[in-house]
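Observations on the model geometry
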Amino acid sequence: MRLARLPATAAIALLALFLHGGLLASLMQILAVPATIAHPVAAVFSLLAFYAGYLWFVDPQRAEAGSAESRWNRFCLAIIIYTILLRLLYLGVPELLFEEAYYWNYAKHLDIGYLDHPLMVAWIIRPFIALMGNIEFAVRAGAFLCWLVTAWFSYRLTRDVLGQAAAYRALTLIAVLPVYFFIGLFMSPDAPLAACWAAAIYFMHRIVAREEPRAWLWLGVAIGLGMISKYTIVLLGAAMALFVLVDRPSRKWLTRPEPYVAALIAIALFSPVIVWNWQHEWASLSFQSQDRLASKFSFSLPRFMGNVIVFLTPTGILSVIALIACRRQLTAGFAAPVTARVATLGRSHFLLTWLTLFPVAVFAAVSLFRASKLNWTGPVWLGLVPFMALLVTPGAESGVPKLLTWCRRAWPPTIVACLLLYGAAMYWLGPGLPGVSYPHNMHLIGWRKFGRDIEDLVQQVARETGREVLVVGMDRNRIASGLAFYRTQAIDAAGEKAGYDPAFQTASEHLFGSVGLMYAFWFPAAQQDGKTLLLVGEDVSRLSSERVLSRAKTAGEIGEIGVWKNGQPAGRYYYRLVTGYQAGSAASAATDAGQNH
């Protein structure tokens, strides 16, 4: 073997190893396959994966056969297949993120609206946990399906704009860019939002490029479903409306009924959220609008820019710059597809660039005076994916701007580096990497056993006192959400009939005057009077403050439980049993006023 082939061989071996870890963990953890069967199955699978990768990309007779275009096609196909396998094999392996556990609680308290997000994420999770049970795979399955929808519409859009070859490159980007890889792995409102965003862009382009009246109806559906996924899709709707006003050929739609019918469809689909807000004094819309704007001043533009770099990779950022600065050179040789009736390639480029940069500009402006969130721009970049795909394509280098040449050269190593990082991260969160420890109390790492420990403690207290125990996570919503899920999973795994559902027996720190988001709706403080509480927190001070003592008749000793994963420490939590909870004493109100001041 030539030394020049060693890096490629080593990379393929690592990628096969990461698949091996995911398959082995899934077989044993999700399907309860005995180790004597799971180990040889995973070993054979990974060997076959390595052999296929070696033949395609290392073996000189096959790896160097064909044209540069065919080799790129082979590379892109392998990337798409690998990312799909990696996500499927690890979908149920890592513990949930705090946020995923919170959305699982949404699904357990099924409703037509929630304080901090609309209803879609809950209604996606609910059928999967009803079918598969309370396991991580069921919580995340909807995210993977949403990614498939996102990929499908991105493929169709790119095919309409630039043709079949570029469409396959676009699929590669949707598969490998960090923002879309993780949107399709971890469940959040961003998963259905991305799917609806991709669909809305696709139908808007068909309206502009092919003047299809029916596309307006589907656009209304996409925007409406997006609005019950996450409110930020309203920025896309605003960008589309402004485009129709600015683009002279599109203004004729203002005199036709289709846009107004689309708006009515979107409002009808959004109406459950309106009803929920009306029933709850417009709590969610207020929380997401004026409460956000009234929050503490924070100049977070550097953080916003850093988040974008993380989402797109440095190569992706430079590709976006290249699309704007070198559009004519990049699209030289392309013409509007034969399916386009009135749209030129330049007009398609303007539409998709506008639909991308308008929301980005709004988020950037907000970051000048408010804290930036990591996931703000997640689906926004879907509009530029078709033209970014042109840079994941071999092309002539003579007479081409250096930026375009650099991007084309940088994408293959960037893609491989991303795959190696994803695989290593999944392996670390699953079987574990030798010698690599876990951060202290990071999300819910190690909580499968920790949830069992807390549930054992709850059942012990219930037996000894004869009282029902309400577990209280002593923070905004993270501890409560994680304990509700992993206590439920512990009960399910043991085949026990506890006589209660931990999702309805686990509250948050709002009972002691703090913010609890939806927990304040699910567990009104006044309705918990007289109950016995098991408080669980990250530090002792949360369990011994005056807020706690002023609301409890008695308070027991503070205990501690270590969190472990793969034989390594992953955190530590403290617990305390209190009895005779009282929500509204004058002393506790005065304490809250003083501490919130």
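Residues numbered from 1 in each chain as written. Predicted model: local features only at pLDDT ≥ 70, side-chain atom pairs only at ≥ 80, totals over all residues. Heavy atoms only, no water.

**A word on the side chain of Ser508**
The test is simple: A run of H or I in DSSP becomes a helix once it reaches four residues, and a run of E becomes a strand once it reaches two; helices and strands are each numbered from the N terminus. Burial here depends on accessible area, computed with a 1.4 Å probe over protein chains only, as a share of the maximum for the residue type. Under 20% is buried, over 50% is exposed, and the range in between is partly exposed. A 3.5 Å cut-off defines polar contacts: any pair of N or O atoms within that distance qualifies, except that in protein one atom must be a possible hydrogen donor and the other a possible acceptor, and neighbouring residues in sequence count only when both atoms are side-chain atoms. Contacts between residues were defined by any pair of non-hydrogen atoms, one from each residue, lying within 4.5 Å.
As for its position among the elements, Ser508 is in strand E2 (residues 506-508). Owing to a relative accessible area of 0%, Ser508 belongs among the buried residues under this scheme. At 3.2 Å, the side chain of Ser508 and the backbone oxygen of Arg476 are in polar contact. The contact partners of Ser508, leaving out residues within four places of it in the chain, are Val472, Gly473, Asp475, Arg476, Ala480, Gly516 and Tyr519.

**Notes on the sheet that holds E2**
To keep things clear, this is the line we draw: Between any two strands, pairing holds if DSSP finds at least two bridges. Only the stretch in contact is used when a helix axis is fitted, and all axes are lines through C-alpha atoms; the angle between N-to-C directions ranges over 0 to 180 degrees.
Strand order across the open sheet formed by five strands is E2-E1-E3-E5-E4, with mixed pairing between neighbours. Two strands in the sheet have a free side with no partner beyond their single neighbour: E2 and strand E4 (554-565). Direction aside, neighbouring strands of the sheet carry axes that sit 25° apart on average. For strand E3 (residues 532-537) and strand E5 (residues 568-579), the ladder comprises five bridges, and the chain directions are antiparallel. In the strand pairing of E5, Leu535 is matched with Arg576. Across the face of the sheet, helix H21 (residues 447-465) comes into contact with strand E1 (469-473), E3, E4 and E5 while running at roughly 155° to E4. Sitting on the sheet, helix H22 (residues 478-494) touches E1, E2, E3 and E5, and the angle it makes with E2 is about 170°.

**Some remarks on the pairing of E4**
In this structure, E4 lies alongside E5, joined through ten bridges in antiparallel fashion. In the strand pairing of E5, Glu560 is matched with Tyr574. Hairpin remark: E4 followed by E5, antiparallel, with two residues in the connecting loop; positive phi at Asn566, about 50°.

**A few points about the confidence of the model for the protein**
Put simply, the rule is: A residue's pLDDT is the predictor's confidence in that residue, given on a scale from 0 to 100.
Within the protein, residue pLDDT values average 91, and 92% of them lie at 70 or more. In the model, residues 335-342 has pLDDT below 50 throughout and makes 17 contacts with residues more than four positions away in sequence or in other chains.

**Structural notes on the packing of aromatic side chains**
For any two aromatic rings, the description comes down to two numbers: the centre-to-centre distance and the angle of the planes. The criterion, for reference: Note on aromatic contacts: the rings of Phe and Tyr and the six-membered ring of Trp form a pair at centre separations within 6.5 Å, being stacked when their planes are under 30 degrees apart, edge-to-face when over 60 apart, and tilted otherwise.
Scanning the entire structure with this criterion turns up 39 aromatic pairs. Both rings, one in Trp152 and one in Tyr155, keep their centres 6.2 Å apart while their planes meet at 25°; by these two values the pair is stacked. A residue pair is termed a helical-turn pair when its members lie 3 or 4 positions apart in one helix, as Trp152 and Tyr155 do in helix H7 (residues 136-162) at three residues. Classification of Trp152 as partly exposed rests on a relative accessible area of 44%. Relative to Tyr438, the ring of Trp428 has its centre 5.2 Å away and its plane inclined at 25°; by these criteria the two rings are stacked. Taken together, the residues span a long stretch of sequence, with Trp428 in helix H20 (residues 402-429) and Tyr438 in the loop between H20 and H21 at a distance of ten residues.

**Topic: the packing of helix H10 (residues 190-210) against helix H12 (residues 233-246)**
Stated formally: An angle counts as roughly parallel when it lies under 35 degrees, as roughly antiparallel when it exceeds 145, as roughly perpendicular when it falls between 65 and 115, and as oblique in every other case. Side-chain classes follow a simple rule in which Ala, Val, Leu, Ile, Met, Phe, Trp, Tyr, Cys and Pro form the nonpolar group, Asp, Glu, Lys and Arg form the charged group, and the remainder, Gly included, forms the polar group.
Where H10 meets H12, the axes come as close as 11 Å, and the angle between the chain directions of the two elements is 10°. Taken as axis vectors, H10 and H12 run roughly parallel relative to one another. Judged by residue contacts, Leu193, Cys196, Trp197, Ala200, Ile201, Met204 and Val208 of H10 engage Ile233, Leu236, Met240, Phe243 and Val244 from H12. Here the residues of the contact of H10 with H12 are counted per class, giving twelve nonpolar, no polar and no charged.

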